[in-house]
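What follows is the residue order along each chain.
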Amino acid sequence: MIQFSHVHFGYGAQKLFTDLSTSLEAGHIYGLLGENGVGKTTLLKMIAGLVFPKGGTVTTLSHEPRKRQPSLMQQLYFVAEDAFVPDTTARRLADTYGVFYPMFDGTQYFNYLQQFGVNPHQKLEKVSFGQRKKALISFALATNVPLLLMDEPTNGLDIPSKSTFRKLVAGAATDERCIIISTHQVRDLESLIDTVVVLHNGKITYREDLNVLAEESTSQPDLETLFQDIIQK
Ligand SMILES: Nc1ncnc2c1ncn2[C@@H]1O[C@H](COP(=O)(O)OP(=O)(O)OP(=O)(O)O)[C@@H](O)[C@H]1O
């Protein structure tokens, strides 16, 4: 679904990715981990065609993402960390933006909003950051796109909402869908992600199926400890 081939990238002189190659497939919920500033958001933006490689190639759903062709844009949704929303209500968000996504399901959307406790009639600019984020996550899931990118989605969510988030995302995962979640809140995602991907020193330095890890271990793998071990190597 996504291929990075020998990708080089940096903002100005700062090198961020050096010869980064990897592929991400449908049927997975990936947890993208890495220290602050390592480039997790940049990686997601590159998949979505918001920043472009300076060397190598990125292919997203058989498209060159930098072209931002409608045929690609209607197949992916990127929930950005800042939860920017237009000046509208959650209800009108569906009417205005749902049309861009052929598989958007309004009934599903209102159901997700309800489960998150978001009032669809309130102006999103006037609600809290967490409420806005929950509206956007609901919208993202209801688009039913094959590729869902989420940057720190549980930031700003209260404890019950984090649990709702896990439940809704797990329920939305299918064999045809690829979900990539960048996070520092690894405990929020334990039991949700199936593959952990670690970005470190400009490359993917670790990538492991958590089910395989669990089979090899006598106890459930602890993501926080695993991450610390990887970046200290
Ligand atoms: N538009 C930009 N112009 C210049 N530098 C940028 C820009 N966006 C990001 N950077 C820098 O690139 C590096 C990677 O940023 P990025 O946001 O991708 O990292 P991250 O791994 O998501 O970080 P965090 O975990 O802190 O959110 C950082 O050093 C950041 O300051």
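See the structure printed just above.
Just so it is clear, the model here is predicted, and its values are computed rather than measured. (Residues numbered from 1 in each chain as written. Predicted model: local features only at pLDDT ≥ 70, side-chain atom pairs only at ≥ 80, totals over all residues.)

At a minimum axis distance of 11 Å, the contact between helix 5 (residues 129-142) and helix 6 (residues 159-172) shows a crossing angle of 10 degrees. When the axes of helix 5 and helix 6 are compared, the pair comes out roughly parallel. Between helix 5 and helix 6, the contacting residues are Gly130, Lys134, Ile137 and Leu141 on the first element and Ser161, Phe165, Leu168 and Ala172 on the second. In terms of residue class, the contact of helix 5 with helix 6 is built from 5 nonpolar, 2 polar and 1 charged. (Axes fitted to C-alpha atoms, helices over the stretch in contact; angles between N-to-C directions. Helix = DSSP H or I, 4+ residues; strand = E, 2+ residues; numbered from the N terminus. Parallel < 35°, antiparallel > 145°, perpendicular 65-115°, else oblique. Contact = placed C-beta atoms within 7 Å. Nonpolar A, V, L, I, M, F, W, Y, C, P; charged D, E, K, R; others polar.)

Here we come to the environment of Phe139. Along the polypeptide, Phe139 turns up in helix 5. Separated by 14 residues in the primary sequence, Phe139 and Pro153 place their C-alpha atoms 13 Å from one another. If we ignore the near neighbours within four places in the chain, the residues touching Phe139 are Leu93 and Tyr109.

To continue, consider unusual backbone geometry. In the Ramachandran plot, Ser62 falls in the positive-phi region, its phi being about 65 degrees despite a non-glycine side chain. Relative to the elements of secondary structure, Ser62 occurs in the loop between strand 4 (55-60) and helix 2 (70-73). At Asn144, a residue that is not glycine, the phi angle is positive and equals roughly 55 degrees. Inspection of the secondary structure assignment puts Asn144 in the loop between helix 5 and strand 6 (147-151).

Moving on, we get to the sheet that holds strand 4. The 3 strands lie next to each other as 2-1-4, forming an open sheet whose pairing is antiparallel. With partners counted over all chains shown, the strands left at the sheet margins are strand 2 (14-24) and strand 4, one partner each. With direction set aside, neighbouring strand axes in the sheet form an average angle of 30 degrees. Bridge count for strand 1 (residues 2-11) against strand 2 is 7 bridges, and the pairing is antiparallel. When the sheet's bridge partners are listed, Phe4 is paired in strand 2 with Thr22. (Pairing = 2+ DSSP bridges.)

Here we take up the site of the ligand. Taken together, the neighbourhood of the ligand is formed by Tyr11, Leu16, Gly34, Asn36, Gly37, Val38, Gly39, Lys40, Thr41 and Thr42. With 3 residues, the single largest contributor to the shell around the ligand is helix 1 (residues 40-48). (Near = placed C-beta within 6 Å.)

Further remarks concern helix 4 (residues 106-116). Three or more residues of helix 4 are buried, namely Tyr109, Tyr112, Leu113 and Phe116. Across the axial projection of helix 4, the buried residues extend over an arc of 100 degrees, all falling on one side. Exposed positions of helix 4 whose direction lies more than 90 degrees from the buried face are Thr107 and Gln114. Buried residues along helix 4 sit in contact with helix 3 (90-97), helix 5 and helix 6. Directly after helix 4, the chain includes Gly117, whose backbone phi takes a positive value near 75 degrees. (Buried ≥ 20, exposed ≤ 12 C-beta atoms within 10 Å, placed from the backbone. Arc of directions from axis to C-beta.)

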